[in-house]
Amino acid sequence: MSARTPAERRQQAHALPPVPAEDAAAIAAFLDAIWAENGLARPTLDSYRRDLEGFARWRDGREGGLCATDRAGLFDYLAWRTREGYSPRSNARLLSALRAFFAHRLRLGERRDDPTALLDPPRLPRSLPKALSETEIDALLAAPDTDAPLGLRDRAMLELMYAAGLRVSELVNLPANAVNLRQGVLRVTGKGSKERLVPLGEESQHWLETYLARSRPVLAGKRSVPALFLEPDGEAPTRQRFWSLVKRYAGTAGIDPVRISPHGLRHSFATHLLNHGADLRALQLLLGHSSLSTTQIYTLVAREHLKQLHGRHHPRA
């Protein structure tokens, strides 16, 4: 039997039985505990909930359900997911949720063993971040119609995301008081509620000043709203809304929208800095990475860029 498509897997998930009451209570208690202990972000908690509930629904209370499962039960579920076409990355995320869940139950004395102890995580293919060229970035940034309030807002958002290497969630959730135009810096609250200061750069500062003077007052009207970037209704744009705009502007700029990923501008920011000689430690601080190993992936991107240049231009490549 061939692997199911993502749409077929979602349809199948909806057809599974509900989460047994005992498992649902255990999952809720676990999520409350790790939120209180570790302050995990809401998307992480939601991901843990989906993965744990998915396993509990598949097991449907058999042999004690999720709470009483053993290593063989986990093997069976992972094997089933592999047959159904779930990616190694998705299975690795599931295993992370299960490890945290059973570690919590061990601490509480509700388990005497950890069924995930000897399970190896799936081997993940190394995927390099996809960055646009500097010429493509220039075309993308110039795509919005800056004579219109929304177009001017979009230009300021694109310039800021590329200049500061922001995550999408960081960009759309920026409060107006995060910008210090006098000092030319931006205060960003990233993952784990960690704050960092990022320089704005002349271009992004220019477009921010223009947006704040000409566009934001029109979008805000008489409302007092904290968000920096606004929709016509006075609310901040959602991540989905922003990326639909990026796709549209990519088409306007002559860039295949398929090549624009949710992290494309952030990846381009990092790659272009490295190509121009930036220090890896400085890049780590600008991106807000807690570990340098996360930042080092961009050195591979820069190396690939050099190999391509060599292949195109060296007479004996």
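This text follows the structure it describes.
Let us look at the structure shown here. (Residues numbered from 1 in each chain as written. Predicted model: local features only at pLDDT ≥ 70, side-chain atom pairs only at ≥ 80, totals over all residues. Heavy atoms only, no water.)

Attention now goes to the overall build of the chain. A tally of helices and strands in the chain yields 14 helices and three strands. Evaluated residue by residue, the chain yields a buried proportion of 42% over its 317 residues. Taking contacts inside the chain between residues at least 6 apart in sequence as the whole, the part at least 24 apart equals 58%. Total accessible area computed for the chain in this model is approximately 17500 Å², and 53% of it derives from carbon and sulfur atoms. (Helix = DSSP H or I, 4+ residues; strand = E, 2+ residues; numbered from the N terminus. Buried < 20%, exposed > 50% of the residue type's maximum accessible area, 1.4 Å probe, protein only. Contact = heavy atoms within 4.5 Å. Areas by Shrake-Rupley, 256 points an atom, 1.4 Å probe, with all protein chains shown as cover.)

Within a regular strand, the side chains alternate between the two sheet faces. Only one face of strand β2 (residues 185–189) is covered, namely the one carrying L186 and V188; the face carrying V185, R187 and T189 has none of its residues buried. Bridge analysis of strand β1 (residues 179–180) against β2 gives two bridges, and the strand direction is antiparallel. By the bridge assignment for β2, V179 is matched with L186. The hairpin formed by β1 and β2 contains four residues between the paired strands, and G184 there has a positive phi angle of roughly 70 degrees. Counting the residues in the hairpin turn of β2 and strand β3 (residues 195–199) gives five residues, including G192, whose phi is positive at 70 degrees. (Pairing = 2+ DSSP bridges.)

Let us now look at the sheet that holds β1. Pairing is antiparallel across the open sheet formed by three strands, whose spatial order is β1-β2-β3. Since the sheet does not close on itself, it has two edges, and those belong to β1 and β3, each with one partner.

Quick look at helix α11 (residues 264–275) now. The first and last C-alpha atoms of α11 sit 16 Å apart over 12 residues, in line with the 16 Å expected at 1.5 Å per residue. Where burial is concerned, most of α11 is hidden: 10 out of the 12 residues are buried. Burial in α11 covers these residues: G264, L265, R266, H267, S268, F269, A270, T271, H272 and L274. (Expected span 1.5 Å × (residues − 1).)

Under the 1.5 Å per step criterion, the end-to-end length of helix α10 (residues 239–252) is 20 Å for 14 residues, consistent within 8% with the ideal 20 Å. Of all the residues in α10, the buried ones are F242, W243, L245, V246, Y249 and A250. The buried residues of α10 all sit within an arc of 150 degrees when viewed along its axis, so they share a single face. Looking at α10, the residues exposed on the side facing more than 90 degrees away from the buried face are Q240 and T252. Turning to α10, the residues buried within the fold contact α6 (134–141), α7 (149–164), α8 (168–172) and α11. Where α10 terminates, the next one or two residues include G254, which has phi positive at roughly 80 degrees. (Arc of directions from axis to C-beta.)

Enumeration over the complete set of coordinates arrives at 11 aromatic pairs. For the ring pair W58 and Y77, a centre distance of 4.9 Å and an interplane angle of 45 degrees mean the geometry is tilted. Of the two residues, W58 is situated in helix α3 (residues 42–59) and Y77 in helix α4 (residues 71–83); the sequence distance between them amounts to 19 residues. Accessibility expressed as a relative area gives 17% for W58, which makes it buried. With centroids separated by 6.3 Å and ring planes inclined at 40 degrees, the aromatic side chains of W80 and Y86 adopt a geometry described as tilted. Across the pair, exposure class does not vary: W80 and Y86 are buried alike. Clustering of aromatic rings is evident, with ring pairs tying together F55, W58, Y77, W80 and Y86. (Phe/Tyr/Trp six-rings, centres within 6.5 Å; stacked < 30°, edge-to-face > 60°.)

Take the nonpolar core next. Formed by 46 residues in total, the largest nonpolar core has its most connected members in L160, L166, L171, L174, L186, F229 and F242. Of all the secondary-structure elements, those providing two or more residues to this core are α6, α7, α8, β2, α9 (202–220), α10, α11 and α12 (280–287). Of all hydrophobic cores here, the second largest spans 25 residues; its members include A26, F30, L45 and L52. (Core = buried A, V, L, I, M, F, W, Y, C linked by side-chain atoms within 4.5 Å.)

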